[in-house]
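What follows is the residue order along each chain.
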Amino acid sequence: MDDATHDTARPLDVAAVEAAVASLALGHPLIYHQAITSTNTEAMTLARAGAAEGTLVTTDDQTAGRGRMGRAWMALPNEQLALSLLLYPSFPPHYLVMASALAVAEAIEAATELRPGIKWPNDVLVEGRKVCGILIETSAAIAVLGIGINVNGSLAGHPELAARAITLADALGHPVAREPLLIELLHRLDGLYATLQRGGEQARRQLREAWRARLVTLGQHVIVQQVGHALAGTATDVDESGALILRADDGTRQTINWGDVE
Ligand code: BTN
């Protein structure tokens, strides 16, 4: 780690974030832990105890971060963004998948000179490698939106991970201030979420189109991994609900609602 990167490895300036999101519906109360097992687990516990919509749980060190399909999510202490938002969406969950990936991609683009793409359904990529993972967990009316962004530091010491993931700092060649990125992200999520909660076909269509325009998966030959099952084919499009349309190698047309794309 070089000196410039090391300078950024300090705790998040929580007061600055709180002040900048005070007018939003999402982002407060802001519950910060220097270290915690998983912000998603904590947010779900708070939800079950009656916490308000918009509650944000964030940490500088996630000791048991969880990813999709039962995987672990590695922490970059004091260098990542790891956050969970408590939501009560009145719209179908696939719009939250699209809105969250789009908000992250747009926030990174606004805060840096990078132009991220989205790997279906909601991985955010820079230079073809993952900079952000999103884990949405639901229980009855509750939705916990968990977002992990590799901001600073380097994955060079983790060759297996570095083959498919990258930090923003490694992509840019310099560190990135985490607070402005988090503030930008919360503003974008707040706007998209409010629009979706109001309802309306046009807003949903616009969101889907903006998300679709960032999908790097379309036109690619892919392998879709599902638990205990894999399917190979060409990703041709997404349908109205965001499901992936695959022209499978056996010639059949498949609609994939969930899974991991390689
Ligand atoms: C994935 O790509 O597999 C999803 C990774 C999601 C990681 C974030 S970090 C904040 C939140 N808390 C968790 O335990 N996971 C999510």
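Calculation rules
Residues numbered from 1 in each chain as written. Predicted model: local features only at pLDDT ≥ 70, side-chain atom pairs only at ≥ 80, totals over all residues. Heavy atoms only, no water. 1 Å grid on protein atoms, 1.4 Å probe; cavity = no way out; pocket = protein on both sides within 12 Å on 5 of 7 lines; lining within 4 Å. Points joined across faces, edges and corners; volume = space filled by probe spheres on them. Helix = DSSP H or I, 4+ residues; strand = E, 2+ residues; numbered from the N terminus. Nonpolar A, V, L, I, M, F, W, Y, C, P; charged D, E, K, R; others polar. Pairing = 2+ DSSP bridges. Axes fitted to C-alpha atoms, helices over the stretch in contact; angles between N-to-C directions. Contact = heavy atoms within 4.5 Å. Domains from an automatic or database assignment. Buried area = accessible area lost by both parts, 1.4 Å probe. Salt bridge = Lys/Arg side-chain N within 4 Å of Asp/Glu carboxyl O.

## What to know about the layout of surface pockets
Logical step 1: The volume enclosed by the largest pocket comes to roughly 780 Å³.
Logical step 2: What lines the largest pocket is a set of 36 residues, and nearest its centre among them are Arg71, Trp73, Asp123, Lys130 and Arg164.
Logical step 3: Those elements that provide at least two residues to the lining of the largest pocket are α3 (39-48), β4 (72-73), β5 (80-87), β7 (123-126), β8 (129-139), β9 (142-150) and β14 (260-261).
Logical step 4: Counting residues per element, the lining of the largest pocket draws most heavily on β8, which supplies five residues.
Logical step 5: Here the residues of the lining of the largest pocket are counted per class, giving 15 nonpolar, 11 polar and 10 charged.

## Topic: the sheet that holds strand β1 (residues 30-33)
Logical step 1: The sheet built from seven strands is open, its strands ordered β1-β2-β5-β9-β8-β7-β6 with mixed pairing. Each edge of the open sheet carries a strand with a single partner, namely β1 and β6 (117-119). Averaged over all pairs of adjacent strands, the angle between strand axes in this sheet comes to 20°, irrespective of strand direction.
Logical step 2: Pairing analysis gives four bridges linking β1 to strand β2 (residues 56-59), with the strands arranged parallel. Within β2, the position partnered with histidine 33 by the bridge is threonine 59.
Logical step 3: Set on the sheet, α3 makes contact with β1, β2, β5, β8 and β9; between it and β9 the angle comes to about 160°.
Logical step 4: Packed on one face of the sheet, helix α4 (residues 93-111) meets β5, β6, β7, β8 and β9 and runs near 145° to β8.

## A short note on the domain arrangement of the chain
Logical step 1: Once the domains are mapped, the chain shows domain 1 (3-212) and domain 2 (217-261).
Logical step 2: Opposite the 13 residues of domain 1 that make contact, domain 2 presents 19 residues.
Logical step 3: Between domain 1 and domain 2 the total buried area reaches about 1,300 Å² when both faces are included, carbon and sulfur atoms providing 51% of it.
Logical step 4: If you sort the residues of domain 1 by the area they bury against domain 2, Met69, Trp120 and Arg208 come out on top, with a joint share of 54%.
Logical step 5: Seen at the junction of domain 1 and domain 2, the total is three salt bridges.

## Structural notes on empty space enclosed by the protein
Logical step 1: The final tally for this structure, using the stated rule, is one cavity of 30 Å³ or more.
Logical step 2: A volume near 50 Å³ is recorded for the largest cavity.
Logical step 3: Forming the walls of the largest cavity are Leu26, Leu87, Leu96, Ala99, Leu145, Leu189, Leu192, Tyr193 and Leu196.
Logical step 4: The set of elements that each furnish at least two residues to the lining of the largest cavity consists of α4 and α7 (178-198).
Logical step 5: Take the lining of the largest cavity: its biggest share by element is four residues, from α7.

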